[in-house]
There are 2 protein chains.
Amino acid sequence: MTNISNLFFYIIFVFMSNKCEKCIVKKFTGLQALNTEQLKCISDGKVTRTFKKGDIIFDEGDHLKGIYCVRYGIAKLSKLSTNGKDQIIKFVSNGEVLGQRSVIAQEPANLRAVAVNDMDSCFIPKNIILENLHNNAEFTLELLQNLAHELKEADDVIVNISQKPVKNRIAETLIHLEDSFGIDHEGFMIIQLSREDISNIVGTATESCIRMLSELKKEKFIETSGKRIKILERKTLKKLGEGIQN
Amino acid sequence: MTNISNLFFYIIFVFMSNKCEKCIVKKFTGLQALNTEQLKCISDGKVTRTFKKGDIIFDEGDHLKGIYCVRYGIAKLSKLSTNGKDQIIKFVSNGEVLGQRSVIAQEPANLRAVAVNDMDSCFIPKNIILENLHNNAEFTLELLQNLAHELKEADDVIVNISQKPVKNRIAETLIHLEDSFGIDHEGFMIIQLSREDISNIVGTATESCIRMLSELKKEKFIETSGKRIKILERKTLKKLGEGIQN
DNA sequence: AATAATATATGACAAATATCAGTAATCTAT
DNA sequence: ATAGATTACTGATATTTGTCATATATTATT
(Lines give C-alpha, C1' and ligand atoms only; values in the text may rest on other atoms or scores of the structure.)
Protein backbone atom coordinates (compact mmCIF):
# COMPACT_ATOMS: atom_id res chain seq x y z
CA MET A 1 0.00 0.00 0.00
CA THR A 2 2.68 2.46 1.04
CA ASN A 3 4.50 1.25 -2.03
CA ILE A 4 1.65 2.16 -4.33
CA SER A 5 1.18 5.44 -2.53
CA ASN A 6 4.85 6.40 -2.99
CA LEU A 7 4.65 5.46 -6.61
CA PHE A 8 1.62 7.62 -6.97
CA PHE A 9 3.34 10.68 -5.57
CA TYR A 10 6.40 10.01 -7.64
CA ILE A 11 4.35 9.99 -10.77
CA ILE A 12 2.49 13.09 -9.69
CA PHE A 13 5.87 14.72 -9.20
CA VAL A 14 7.14 13.69 -12.57
CA PHE A 15 4.05 14.77 -14.40
CA MET A 16 3.52 17.98 -12.57
CA SER A 17 7.14 19.04 -12.72
CA ASN A 18 7.27 22.53 -14.20
CA LYS A 19 9.40 21.17 -17.01
CA CYS A 20 6.37 19.31 -18.27
CA GLU A 21 3.85 22.04 -17.83
CA LYS A 22 2.69 21.86 -21.39
CA CYS A 23 3.28 18.15 -21.75
CA ILE A 24 0.63 16.29 -23.62
CA VAL A 25 0.78 13.57 -21.00
CA LYS A 26 -1.33 15.70 -18.73
CA LYS A 27 -4.19 15.24 -21.13
CA PHE A 28 -4.73 11.71 -20.04
CA THR A 29 -3.54 12.21 -16.53
CA GLY A 30 -6.51 12.41 -14.71
CA LEU A 31 -4.22 9.78 -13.20
CA GLN A 32 -7.24 7.80 -12.16
CA ALA A 33 -7.56 6.99 -15.85
CA LEU A 34 -4.56 4.73 -15.48
CA ASN A 35 -4.98 1.43 -13.70
CA THR A 36 -2.47 -0.08 -11.30
CA GLU A 37 -0.96 -2.19 -14.01
CA GLN A 38 -0.30 0.82 -16.20
CA LEU A 39 1.16 2.72 -13.28
CA LYS A 40 3.48 -0.15 -12.55
CA CYS A 41 4.48 -0.35 -16.18
CA ILE A 42 5.33 3.31 -16.29
CA SER A 43 7.17 3.19 -13.02
CA ASP A 44 9.59 0.27 -13.44
CA GLY A 45 12.40 2.61 -14.37
CA LYS A 46 10.60 3.47 -17.53
CA VAL A 47 9.04 6.79 -16.65
CA THR A 48 12.24 8.76 -16.93
CA ARG A 49 14.68 8.14 -19.68
CA THR A 50 17.83 10.17 -19.87
CA PHE A 51 20.08 10.61 -22.86
CA LYS A 52 23.50 12.09 -23.28
CA LYS A 53 24.44 14.56 -25.97
CA GLY A 54 24.71 12.67 -29.22
CA ASP A 55 22.75 9.61 -28.09
CA ILE A 56 20.37 8.16 -30.62
CA ILE A 57 16.93 8.09 -29.02
CA PHE A 58 15.52 6.12 -31.90
CA ASP A 59 16.55 5.50 -35.46
CA GLU A 60 14.82 5.42 -38.83
CA GLY A 61 13.00 2.13 -39.16
CA ASP A 62 12.83 1.40 -35.44
CA HIS A 63 9.61 0.04 -34.08
CA LEU A 64 8.87 2.38 -31.23
CA LYS A 65 7.54 0.94 -28.02
CA GLY A 66 6.22 4.28 -26.87
CA ILE A 67 6.56 8.03 -27.09
CA TYR A 68 8.97 10.36 -25.35
CA CYS A 69 7.88 13.55 -23.70
CA VAL A 70 10.87 15.86 -23.36
CA ARG A 71 11.30 17.24 -19.85
CA TYR A 72 14.69 18.82 -20.28
CA GLY A 73 17.02 19.25 -23.22
CA ILE A 74 16.66 19.31 -26.98
CA ALA A 75 16.39 16.55 -29.56
CA LYS A 76 16.80 16.82 -33.30
CA LEU A 77 14.74 14.81 -35.76
CA SER A 78 16.48 14.02 -39.01
CA LYS A 79 16.35 11.76 -41.99
CA LEU A 80 19.17 10.31 -44.01
CA SER A 81 19.05 11.08 -47.70
CA THR A 82 20.32 8.67 -50.34
CA ASN A 83 23.21 11.08 -50.93
CA GLY A 84 24.44 10.42 -47.42
CA LYS A 85 23.41 13.76 -46.00
CA ASP A 86 21.27 14.00 -42.91
CA GLN A 87 18.40 16.45 -43.31
CA ILE A 88 17.23 17.87 -39.99
CA ILE A 89 13.46 18.17 -40.04
CA LYS A 90 12.78 19.74 -36.68
CA PHE A 91 13.78 20.15 -33.06
CA VAL A 92 11.85 19.03 -30.05
CA SER A 93 12.28 20.44 -26.56
CA ASN A 94 10.63 20.96 -23.17
CA GLY A 95 7.05 19.77 -23.07
CA GLU A 96 7.08 18.50 -26.63
CA VAL A 97 6.69 14.96 -27.79
CA LEU A 98 8.86 12.58 -29.79
CA GLY A 99 7.69 9.56 -31.72
CA GLN A 100 3.96 10.15 -31.65
CA ARG A 101 3.57 9.93 -35.41
CA SER A 102 5.01 6.43 -35.58
CA VAL A 103 3.01 5.19 -32.62
CA ILE A 104 -0.22 6.62 -33.96
CA ALA A 105 0.30 5.29 -37.44
CA GLN A 106 1.67 2.04 -36.03
CA GLU A 107 4.52 2.29 -38.47
CA PRO A 108 8.29 2.18 -38.05
CA ALA A 109 9.91 5.51 -37.31
CA ASN A 110 10.42 7.66 -40.37
CA LEU A 111 13.01 9.84 -38.68
CA ARG A 112 16.02 9.50 -36.44
CA ALA A 113 15.93 11.28 -33.08
CA VAL A 114 19.23 12.38 -31.54
CA ALA A 115 19.89 14.26 -28.31
CA VAL A 116 21.42 17.67 -28.97
CA ASN A 117 22.17 18.17 -25.26
CA ASP A 118 21.92 15.92 -22.30
CA MET A 119 18.25 15.09 -22.10
CA ASP A 120 15.55 13.98 -19.73
CA SER A 121 12.25 12.56 -20.90
CA CYS A 122 9.15 10.70 -19.78
CA PHE A 123 8.55 7.52 -21.66
CA ILE A 124 4.94 6.56 -22.21
CA PRO A 125 4.45 3.00 -23.45
CA LYS A 126 2.61 2.51 -26.68
CA ASN A 127 -0.23 0.47 -25.21
CA ILE A 128 -1.22 3.32 -22.93
CA ILE A 129 -1.26 5.68 -25.88
CA LEU A 130 -3.30 3.32 -28.02
CA GLU A 131 -5.77 2.66 -25.25
CA ASN A 132 -6.28 6.36 -24.75
CA LEU A 133 -6.63 6.89 -28.47
CA HIS A 134 -9.73 4.75 -28.39
CA ASN A 135 -11.24 5.96 -25.12
CA ASN A 136 -10.04 9.43 -24.43
CA ALA A 137 -11.49 11.90 -26.93
CA GLU A 138 -9.77 14.91 -25.40
CA PHE A 139 -6.39 13.21 -25.62
CA THR A 140 -6.94 12.17 -29.23
CA LEU A 141 -8.07 15.63 -30.19
CA GLU A 142 -4.98 17.09 -28.57
CA LEU A 143 -2.75 14.78 -30.58
CA LEU A 144 -4.70 15.64 -33.70
CA GLN A 145 -4.09 19.34 -33.24
CA ASN A 146 -0.49 18.60 -32.47
CA LEU A 147 -0.06 16.81 -35.80
CA ALA A 148 -2.05 19.48 -37.61
CA HIS A 149 0.44 22.02 -36.38
CA GLU A 150 3.43 19.89 -37.33
CA LEU A 151 1.99 19.41 -40.79
CA LYS A 152 1.65 23.13 -41.32
CA GLU A 153 5.24 23.63 -40.22
CA ALA A 154 6.45 20.90 -42.54
CA ASP A 155 4.62 22.47 -45.48
CA ASP A 156 6.20 25.80 -44.69
CA VAL A 157 9.63 24.19 -44.61
CA ILE A 158 9.04 22.70 -48.05
CA VAL A 159 8.28 26.10 -49.52
CA ASN A 160 11.23 27.79 -47.87
CA ILE A 161 13.78 25.18 -48.63
CA SER A 162 12.84 24.92 -52.26
CA GLN A 163 12.36 28.58 -53.04
CA LYS A 164 14.73 30.65 -50.98
CA PRO A 165 18.48 31.04 -51.44
CA VAL A 166 20.82 29.62 -48.84
CA LYS A 167 21.61 32.91 -47.16
CA ASN A 168 17.96 33.69 -46.58
CA ARG A 169 17.30 30.24 -45.21
CA ILE A 170 20.19 30.59 -42.81
CA ALA A 171 18.89 33.94 -41.62
CA GLU A 172 15.48 32.43 -41.09
CA THR A 173 16.95 29.43 -39.28
CA LEU A 174 18.87 31.65 -36.87
CA ILE A 175 15.77 33.67 -36.04
CA HIS A 176 13.78 30.50 -35.57
CA LEU A 177 16.39 28.91 -33.31
CA GLU A 178 16.62 32.00 -31.16
CA ASP A 179 12.84 32.22 -30.88
CA SER A 180 12.52 28.55 -29.99
CA PHE A 181 15.32 28.22 -27.48
CA GLY A 182 16.14 31.71 -26.29
CA ILE A 183 19.35 33.52 -25.41
CA ASP A 184 21.71 33.59 -22.45
CA HIS A 185 22.72 36.61 -20.35
CA GLU A 186 25.27 37.68 -22.97
CA GLY A 187 22.71 37.50 -25.76
CA PHE A 188 24.09 34.33 -27.35
CA MET A 189 21.64 31.68 -28.47
CA ILE A 190 21.12 28.91 -25.93
CA ILE A 191 21.14 26.16 -28.51
CA GLN A 192 24.60 25.42 -29.82
CA LEU A 193 24.80 23.57 -33.08
CA SER A 194 27.72 22.59 -35.21
CA ARG A 195 28.01 24.26 -38.59
CA GLU A 196 27.23 20.88 -40.03
CA ASP A 197 23.96 20.72 -38.10
CA ILE A 198 22.99 24.17 -39.33
CA SER A 199 23.77 23.18 -42.89
CA ASN A 200 21.65 20.07 -42.41
CA ILE A 201 18.70 22.19 -41.34
CA VAL A 202 19.13 24.48 -44.30
CA GLY A 203 19.85 21.68 -46.72
CA THR A 204 23.16 22.91 -48.03
CA ALA A 205 26.86 22.05 -48.04
CA THR A 206 28.65 22.74 -44.77
CA GLU A 207 31.15 25.03 -46.48
CA SER A 208 28.38 27.09 -48.04
CA CYS A 209 26.76 27.43 -44.66
CA ILE A 210 30.03 28.58 -43.08
CA ARG A 211 30.57 31.06 -45.87
CA MET A 212 27.14 32.60 -45.41
CA LEU A 213 27.63 32.84 -41.66
CA SER A 214 30.92 34.60 -42.36
CA GLU A 215 29.12 37.04 -44.64
CA LEU A 216 26.48 37.71 -42.01
CA LYS A 217 29.33 38.30 -39.58
CA LYS A 218 31.09 40.74 -41.91
CA GLU A 219 27.82 42.56 -42.38
CA LYS A 220 27.53 42.80 -38.57
CA PHE A 221 24.18 41.03 -38.55
CA ILE A 222 25.54 38.36 -36.21
CA GLU A 223 28.51 37.77 -33.96
CA THR A 224 30.09 34.41 -33.22
CA SER A 225 32.37 32.97 -30.59
CA GLY A 226 33.15 29.35 -31.31
CA LYS A 227 29.87 27.59 -31.76
CA ARG A 228 28.02 30.35 -30.03
CA ILE A 229 26.02 32.74 -32.17
CA LYS A 230 24.55 36.10 -31.21
CA ILE A 231 22.04 37.90 -33.38
CA LEU A 232 22.85 41.60 -33.66
CA GLU A 233 20.46 42.83 -36.33
CA ARG A 234 17.27 40.96 -35.66
CA LYS A 235 15.06 42.99 -37.96
CA THR A 236 17.42 42.77 -40.88
CA LEU A 237 17.86 39.03 -40.44
CA LYS A 238 14.15 38.57 -40.18
CA LYS A 239 13.55 40.47 -43.40
CA LEU A 240 16.23 38.42 -45.07
CA GLY A 241 14.60 35.25 -43.81
CA GLU A 242 11.25 36.36 -45.14
CA GLY A 243 12.73 36.52 -48.58
CA ILE A 244 13.46 40.17 -49.01
CA GLN A 245 16.64 39.82 -50.99
CA ASN A 246 19.78 41.34 -49.63
CA MET B 1 -41.90 12.89 -45.12
CA THR B 2 -41.39 11.77 -48.69
CA ASN B 3 -39.16 14.76 -48.93
CA ILE B 4 -36.95 13.57 -46.09
CA SER B 5 -37.01 10.07 -47.47
CA ASN B 6 -35.82 11.21 -50.90
CA LEU B 7 -33.15 13.25 -49.30
CA PHE B 8 -32.06 10.21 -47.37
CA PHE B 9 -31.63 8.11 -50.46
CA TYR B 10 -29.90 10.91 -52.26
CA ILE B 11 -27.35 11.16 -49.51
CA ILE B 12 -26.94 7.42 -49.39
CA PHE B 13 -26.30 7.57 -53.11
CA VAL B 14 -23.74 10.33 -52.81
CA PHE B 15 -21.89 8.73 -49.95
CA MET B 16 -21.97 5.22 -51.29
CA SER B 17 -21.00 6.20 -54.81
CA ASN B 18 -18.06 4.05 -55.83
CA LYS B 19 -16.07 7.22 -56.34
CA CYS B 20 -16.13 7.74 -52.60
CA GLU B 21 -15.39 4.22 -51.56
CA LYS B 22 -12.47 5.19 -49.43
CA CYS B 23 -13.93 8.51 -48.40
CA ILE B 24 -13.45 9.44 -44.81
CA VAL B 25 -17.04 10.61 -44.72
CA LYS B 26 -18.15 7.02 -44.41
CA LYS B 27 -16.56 6.96 -40.98
CA PHE B 28 -19.30 9.05 -39.51
CA THR B 29 -21.97 7.82 -41.79
CA GLY B 30 -23.81 5.63 -39.78
CA LEU B 31 -26.15 8.27 -41.19
CA GLN B 32 -28.28 7.96 -38.10
CA ALA B 33 -25.48 9.88 -36.43
CA LEU B 34 -26.63 12.94 -38.30
CA ASN B 35 -29.78 14.70 -37.17
CA THR B 36 -32.38 16.19 -39.49
CA GLU B 37 -30.85 19.62 -39.20
CA GLN B 38 -27.47 18.34 -40.29
CA LEU B 39 -28.98 16.44 -43.16
CA LYS B 40 -30.78 19.56 -44.29
CA CYS B 41 -27.63 21.56 -44.03
CA ILE B 42 -25.73 19.08 -46.16
CA SER B 43 -28.51 18.85 -48.67
CA ASP B 44 -29.23 22.50 -49.53
CA GLY B 45 -27.07 22.31 -52.58
CA LYS B 46 -24.05 21.96 -50.38
CA VAL B 47 -23.41 18.25 -50.53
CA THR B 48 -21.95 18.35 -53.99
CA ARG B 49 -19.66 21.10 -55.05
CA THR B 50 -18.26 21.11 -58.53
CA PHE B 51 -15.27 23.01 -59.77
CA LYS B 52 -13.92 23.67 -63.21
CA LYS B 53 -10.32 23.21 -64.19
CA GLY B 54 -8.36 26.07 -62.72
CA ASP B 55 -10.95 27.10 -60.14
CA ILE B 56 -9.63 28.07 -56.75
CA ILE B 57 -11.36 25.85 -54.20
CA PHE B 58 -9.91 27.82 -51.34
CA ASP B 59 -7.01 30.18 -50.95
CA GLU B 60 -4.25 30.72 -48.43
CA GLY B 61 -5.67 32.56 -45.47
CA ASP B 62 -9.30 31.61 -46.14
CA HIS B 63 -11.38 30.60 -43.18
CA LEU B 64 -12.82 27.28 -44.31
CA LYS B 65 -16.42 26.55 -43.53
CA GLY B 66 -15.93 22.83 -44.03
CA ILE B 67 -13.91 20.15 -45.73
CA TYR B 68 -14.12 18.80 -49.27
CA CYS B 69 -14.13 15.11 -50.03
CA VAL B 70 -13.05 14.62 -53.63
CA ARG B 71 -15.42 12.39 -55.59
CA TYR B 72 -14.01 12.95 -59.01
CA GLY B 73 -11.04 14.88 -60.34
CA ILE B 74 -7.77 16.12 -58.94
CA ALA B 75 -6.86 19.15 -56.88
CA LYS B 76 -3.44 20.59 -56.22
CA LEU B 77 -2.43 22.11 -52.92
CA SER B 78 0.16 24.83 -53.17
CA LYS B 79 1.68 27.70 -51.30
CA LEU B 80 2.96 30.99 -52.59
CA SER B 81 6.54 31.77 -51.70
CA THR B 82 7.81 35.29 -51.09
CA ASN B 83 9.71 35.01 -54.39
CA GLY B 84 6.42 34.77 -56.23
CA LYS B 85 6.69 31.09 -57.06
CA ASP B 86 3.95 28.68 -56.18
CA GLN B 87 5.24 25.52 -54.52
CA ILE B 88 2.94 22.55 -55.03
CA ILE B 89 2.83 20.53 -51.84
CA LYS B 90 0.58 17.67 -52.85
CA PHE B 91 -2.30 16.44 -54.95
CA VAL B 92 -5.63 15.20 -53.73
CA SER B 93 -7.96 12.95 -55.69
CA ASN B 94 -10.80 10.43 -55.46
CA GLY B 95 -11.75 9.60 -51.91
CA GLU B 96 -9.26 11.99 -50.39
CA VAL B 97 -9.97 15.04 -48.33
CA LEU B 98 -9.19 18.74 -48.69
CA GLY B 99 -9.03 21.28 -45.93
CA GLN B 100 -9.13 19.00 -42.92
CA ARG B 101 -5.97 20.43 -41.40
CA SER B 102 -7.38 23.94 -41.25
CA VAL B 103 -10.72 22.81 -39.90
CA ILE B 104 -9.12 20.63 -37.24
CA ALA B 105 -6.68 23.29 -36.14
CA GLN B 106 -9.38 25.95 -36.49
CA GLU B 107 -6.89 28.07 -38.35
CA PRO B 108 -7.03 29.83 -41.71
CA ALA B 109 -5.92 27.69 -44.64
CA ASN B 110 -2.18 27.44 -45.00
CA LEU B 111 -2.38 26.32 -48.62
CA ARG B 112 -4.27 27.17 -51.76
CA ALA B 113 -6.36 24.43 -53.39
CA VAL B 114 -6.91 24.56 -57.14
CA ALA B 115 -8.78 22.14 -59.40
CA VAL B 116 -6.44 20.47 -61.88
CA ASN B 117 -9.37 19.00 -63.83
CA ASP B 118 -13.06 19.51 -63.62
CA MET B 119 -13.92 18.30 -60.15
CA ASP B 120 -16.75 16.94 -58.06
CA SER B 121 -16.68 16.92 -54.29
CA CYS B 122 -18.79 16.44 -51.20
CA PHE B 123 -18.74 19.39 -48.89
CA ILE B 124 -19.02 18.62 -45.20
CA PRO B 125 -19.69 21.66 -43.02
CA LYS B 126 -17.25 22.41 -40.27
CA ASN B 127 -19.75 22.06 -37.43
CA ILE B 128 -20.46 18.46 -38.35
CA ILE B 129 -16.73 17.73 -38.36
CA LEU B 130 -16.16 19.43 -35.03
CA GLU B 131 -19.11 17.68 -33.45
CA ASN B 132 -17.81 14.33 -34.62
CA LEU B 133 -14.32 15.19 -33.40
CA HIS B 134 -15.69 15.35 -29.90
CA ASN B 135 -18.07 12.42 -30.01
CA ASN B 136 -16.92 9.98 -32.62
CA ALA B 137 -13.66 8.31 -31.58
CA GLU B 138 -13.39 6.21 -34.71
CA PHE B 139 -13.73 9.25 -36.93
CA THR B 140 -11.14 11.20 -34.97
CA LEU B 141 -8.71 8.31 -35.04
CA GLU B 142 -9.17 8.02 -38.78
CA LEU B 143 -8.34 11.71 -39.23
CA LEU B 144 -5.37 11.30 -36.94
CA GLN B 145 -3.93 8.52 -39.04
CA ASN B 146 -4.67 10.52 -42.13
CA LEU B 147 -2.60 13.43 -40.82
CA ALA B 148 0.12 11.08 -39.57
CA HIS B 149 0.46 9.81 -43.10
CA GLU B 150 0.51 13.29 -44.59
CA LEU B 151 3.17 14.32 -42.12
CA LYS B 152 5.41 11.45 -43.12
CA GLU B 153 4.99 12.35 -46.76
CA ALA B 154 5.78 15.98 -46.08
CA ASP B 155 8.96 15.02 -44.22
CA ASP B 156 10.01 12.86 -47.13
CA VAL B 157 9.45 15.73 -49.52
CA ILE B 158 11.67 17.97 -47.42
CA VAL B 159 14.53 15.50 -47.64
CA ASN B 160 14.13 14.93 -51.36
CA ILE B 161 13.75 18.52 -52.35
CA SER B 162 16.73 19.69 -50.38
CA GLN B 163 19.12 16.87 -51.16
CA LYS B 164 18.49 15.60 -54.65
CA PRO B 165 19.36 17.29 -57.93
CA VAL B 166 16.57 18.51 -60.18
CA LYS B 167 16.75 15.66 -62.65
CA ASN B 168 16.34 13.05 -59.93
CA ARG B 169 13.44 14.92 -58.40
CA ILE B 170 11.73 15.10 -61.76
CA ALA B 171 12.19 11.39 -62.29
CA GLU B 172 10.73 10.73 -58.87
CA THR B 173 7.83 13.07 -59.52
CA LEU B 174 6.96 11.33 -62.77
CA ILE B 175 6.94 7.93 -61.09
CA HIS B 176 4.86 9.28 -58.24
CA LEU B 177 2.33 10.90 -60.57
CA GLU B 178 1.95 7.75 -62.62
CA ASP B 179 1.52 5.64 -59.47
CA SER B 180 -1.04 8.02 -58.01
CA PHE B 181 -3.19 8.67 -61.06
CA GLY B 182 -2.50 5.85 -63.49
CA ILE B 183 -2.16 5.65 -67.24
CA ASP B 184 -4.53 5.59 -70.20
CA HIS B 185 -4.84 2.88 -72.86
CA GLU B 186 -1.84 4.28 -74.74
CA GLY B 187 0.32 4.28 -71.65
CA PHE B 188 0.30 8.04 -71.15
CA MET B 189 -0.19 9.39 -67.66
CA ILE B 190 -3.76 10.34 -66.85
CA ILE B 191 -2.82 13.48 -65.03
CA GLN B 192 -1.78 16.26 -67.37
CA LEU B 193 0.19 19.06 -65.87
CA SER B 194 1.80 22.08 -67.42
CA ARG B 195 5.58 22.25 -67.35
CA GLU B 196 5.17 25.06 -64.90
CA ASP B 197 3.17 22.84 -62.55
CA ILE B 198 5.81 20.15 -62.71
CA SER B 199 8.51 22.69 -61.96
CA ASN B 200 6.45 23.91 -59.03
CA ILE B 201 6.31 20.40 -57.61
CA VAL B 202 10.02 19.98 -58.00
CA GLY B 203 10.84 23.48 -56.83
CA THR B 204 12.83 24.63 -59.82
CA ALA B 205 12.68 27.09 -62.71
CA THR B 206 10.29 26.13 -65.48
CA GLU B 207 13.08 26.22 -68.07
CA SER B 208 15.23 23.88 -66.00
CA CYS B 209 12.33 21.50 -65.71
CA ILE B 210 11.75 21.55 -69.47
CA ARG B 211 15.43 20.98 -70.11
CA MET B 212 15.50 17.93 -67.86
CA LEU B 213 12.37 16.52 -69.47
CA SER B 214 14.08 16.98 -72.84
CA GLU B 215 17.10 15.09 -71.55
CA LEU B 216 14.93 12.26 -70.28
CA LYS B 217 13.30 12.24 -73.69
CA LYS B 218 16.64 12.07 -75.53
CA GLU B 219 17.68 9.23 -73.25
CA LYS B 220 14.44 7.43 -74.21
CA PHE B 221 13.31 7.18 -70.59
CA ILE B 222 10.10 9.02 -71.39
CA GLU B 223 8.06 10.05 -74.40
CA THR B 224 5.92 13.15 -74.70
CA SER B 225 3.11 14.38 -76.86
CA GLY B 226 2.05 17.87 -75.94
CA LYS B 227 1.36 17.86 -72.24
CA ARG B 228 1.01 14.11 -72.22
CA ILE B 229 3.89 12.11 -70.80
CA LYS B 230 4.56 8.39 -71.10
CA ILE B 231 7.12 6.60 -68.99
CA LEU B 232 9.21 4.20 -71.07
CA GLU B 233 11.94 3.11 -68.68
CA ARG B 234 10.21 2.76 -65.36
CA LYS B 235 13.05 1.00 -63.54
CA THR B 236 15.67 3.46 -64.66
CA LEU B 237 13.53 6.43 -63.73
CA LYS B 238 12.79 4.91 -60.37
CA LYS B 239 16.48 4.38 -59.66
CA LEU B 240 17.16 7.93 -60.71
CA GLY B 241 14.42 9.15 -58.41
CA GLU B 242 15.85 7.18 -55.53
CA GLY B 243 19.03 9.13 -55.88
CA ILE B 244 21.22 6.77 -57.81
CA GLN B 245 23.02 9.35 -59.89
CA ASN B 246 22.85 9.16 -63.63
C1' DA C 1 50.45 21.12 -21.33
C1' DA C 2 51.22 18.67 -25.52
C1' DT C 3 49.28 16.10 -29.08
C1' DA C 4 45.86 14.28 -31.76
C1' DA C 5 41.39 14.62 -33.50
C1' DT C 6 37.76 17.30 -35.00
C1' DA C 7 35.48 21.48 -36.46
C1' DT C 8 35.73 25.89 -38.65
C1' DA C 9 37.29 28.88 -42.19
C1' DT C 10 38.75 30.44 -46.83
C1' DG C 11 40.26 30.28 -51.68
C1' DA C 12 40.07 28.35 -56.26
C1' DC C 13 37.48 26.03 -59.20
C1' DA C 14 33.61 22.99 -61.02
C1' DA C 15 28.94 21.89 -61.42
C1' DA C 16 24.17 22.85 -61.09
C1' DT C 17 20.61 25.87 -61.69
C1' DA C 18 18.49 30.39 -62.86
C1' DT C 19 17.68 34.13 -65.92
C1' DC C 20 17.03 36.34 -70.20
C1' DA C 21 16.04 36.37 -75.02
C1' DG C 22 14.00 34.62 -78.78
C1' DT C 23 11.50 30.94 -81.56
C1' DA C 24 8.30 27.19 -82.26
C1' DA C 25 4.36 24.78 -80.98
C1' DT C 26 -0.12 24.41 -78.97
C1' DC C 27 -4.36 26.00 -77.21
C1' DT C 28 -8.54 29.28 -77.19
C1' DA C 29 -12.06 31.82 -78.80
C1' DT C 30 -14.35 33.79 -82.30
C1' DA D 1 -10.13 28.01 -89.89
C1' DT D 2 -7.60 31.79 -88.16
C1' DA D 3 -5.61 35.42 -85.06
C1' DG D 4 -4.16 36.02 -80.65
C1' DA D 5 -2.62 34.25 -76.44
C1' DT D 6 -0.41 31.06 -73.90
C1' DT D 7 2.80 27.40 -73.30
C1' DA D 8 6.86 24.71 -74.62
C1' DC D 9 11.40 24.72 -76.07
C1' DT D 10 16.45 26.07 -76.82
C1' DG D 11 20.71 28.74 -76.57
C1' DA D 12 23.70 32.00 -74.29
C1' DT D 13 25.03 33.67 -70.16
C1' DA D 14 24.94 34.84 -65.14
C1' DT D 15 24.45 33.37 -60.57
C1' DT D 16 24.35 30.22 -57.02
C1' DT D 17 25.93 26.42 -54.80
C1' DG D 18 29.00 22.44 -54.32
C1' DT D 19 33.60 20.30 -54.15
C1' DC D 20 38.32 19.91 -53.19
C1' DA D 21 42.41 21.49 -51.06
C1' DT D 22 44.47 23.49 -47.37
C1' DA D 23 45.04 26.40 -43.33
C1' DT D 24 43.60 27.67 -38.76
C1' DA D 25 41.11 27.18 -34.63
C1' DT D 26 38.86 24.47 -31.15
C1' DT D 27 38.08 20.46 -28.42
C1' DA D 28 39.26 16.14 -26.45
C1' DT D 29 42.71 12.92 -24.64
C1' DT D 30 46.62 11.49 -22.48
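Calculation criteria
- Residues numbered from 1 in each chain as written.
- Chains lettered and ligands numbered in written order.
- Predicted model: local features only at pLDDT ≥ 70, side-chain atom pairs only at ≥ 80, totals over all residues.
- Heavy atoms only, no water.
- Near = heavy atom within 4 Å.
- Polar contact = N/O pair within 3.5 Å; in protein donor to acceptor, adjacent residues only side chain to side chain.
- Helix = DSSP H or I, 4+ residues; strand = E, 2+ residues; numbered from the N terminus.
- Nonpolar A, V, L, I, M, F, W, Y, C, P; charged D, E, K, R; others polar.
- Contact = heavy atoms within 4.5 Å.
- Buried area = accessible area lost by both parts, 1.4 Å probe.
- Salt bridge = Lys/Arg side-chain N within 4 Å of Asp/Glu carboxyl O.
- Least-squares fit on C-alpha atoms with pLDDT ≥ 70 in both.

(A) Spatial organisation of the protein's contact with DNA strand D. Among the 16 residues in the neighbourhood of DNA strand D, the closest are listed as Thr204(A), Ser208(A), Arg211(A), Arg195(B) and Ser214(B). Backbone atoms, meaning sugar and phosphate, form 59% of the atoms of DNA strand D found within 4 Å of the protein. Within the contact set of DNA strand D, a phosphate oxygen lies 3.0 Å away from a side-chain nitrogen or oxygen of Ser208(A). The contact in question runs from a phosphate oxygen of DNA strand D to an N or O atom on the side chain of Lys217(B), over 3.5 Å. Within the residue set of the surface near DNA strand D, elements represented by two or more residues are α8 (206–218) of chain A together with α7 (195–202) and α8 (206–218) of chain B. Of the residues contributing to the surface near DNA strand D, the split by class is 4 nonpolar, 4 polar and 8 charged.

(B) Layout of the protein's contact with DNA strand C. The immediate surroundings of DNA strand C are formed by 16 residues, with Arg195(A), Ser214(A), Thr204(B), Ser208(B) and Arg211(B) found nearest. Per the 4 Å cut-off to the protein, sugar and phosphate atoms form 56% of the nearby atoms of DNA strand C. Arg195(A) is positioned such that a nitrogen or oxygen atom in its side chain is 2.8 Å from a phosphate oxygen of DNA strand C. A distance of 2.7 Å separates a phosphate oxygen of DNA strand C from a polar atom in the side chain of Ser214(A). Elements represented by at least two residues in the surface near DNA strand C include exactly α7 (195–202) and α8 of chain A together with α8 of chain B.

(C) Just the interface of chain A and chain B, in detail. In this assembly, 41 residues from chain A lie in contact with 40 residues from chain B. Together, the buried faces of chain A and chain B total about 3,800 Å²; carbon and sulfur atoms form 67% of this surface. On inspection of chain A and its partner chain B, the count reaches 2 salt bridges. For Asp156(A), the salt bridge identified is with Lys79(B), shortest N-O distance 2.9 Å. Counting the contacts that link chain A with chain B gives 16 residue pairs in polar contact (both at pLDDT 80 or more). Taken together, the elements giving at least two residues each to the side of chain A that touches chain B come down to β5 (86–92), α3 (100–105), α4 (126–135) and α5 (137–163) of chain A. Take the side of chain A that touches chain B: its biggest share by element is 21 residues, from α5(A). In the side of chain A that touches chain B, the residues fall into 17 nonpolar, 13 polar and 11 charged.

(D) Structural detail: the relation of the copies chain A and chain B. Once chain A has been moved 0.0 Å along the axis and rotated by 180 degrees, it coincides with chain B to within an RMSD of 0.0 Å. What the superposition gives is, in effect, a two-fold axis relating one chain to the other. Same-surface contact between copies: 98% of interface residues of chain A are shared with the interface of chain B.

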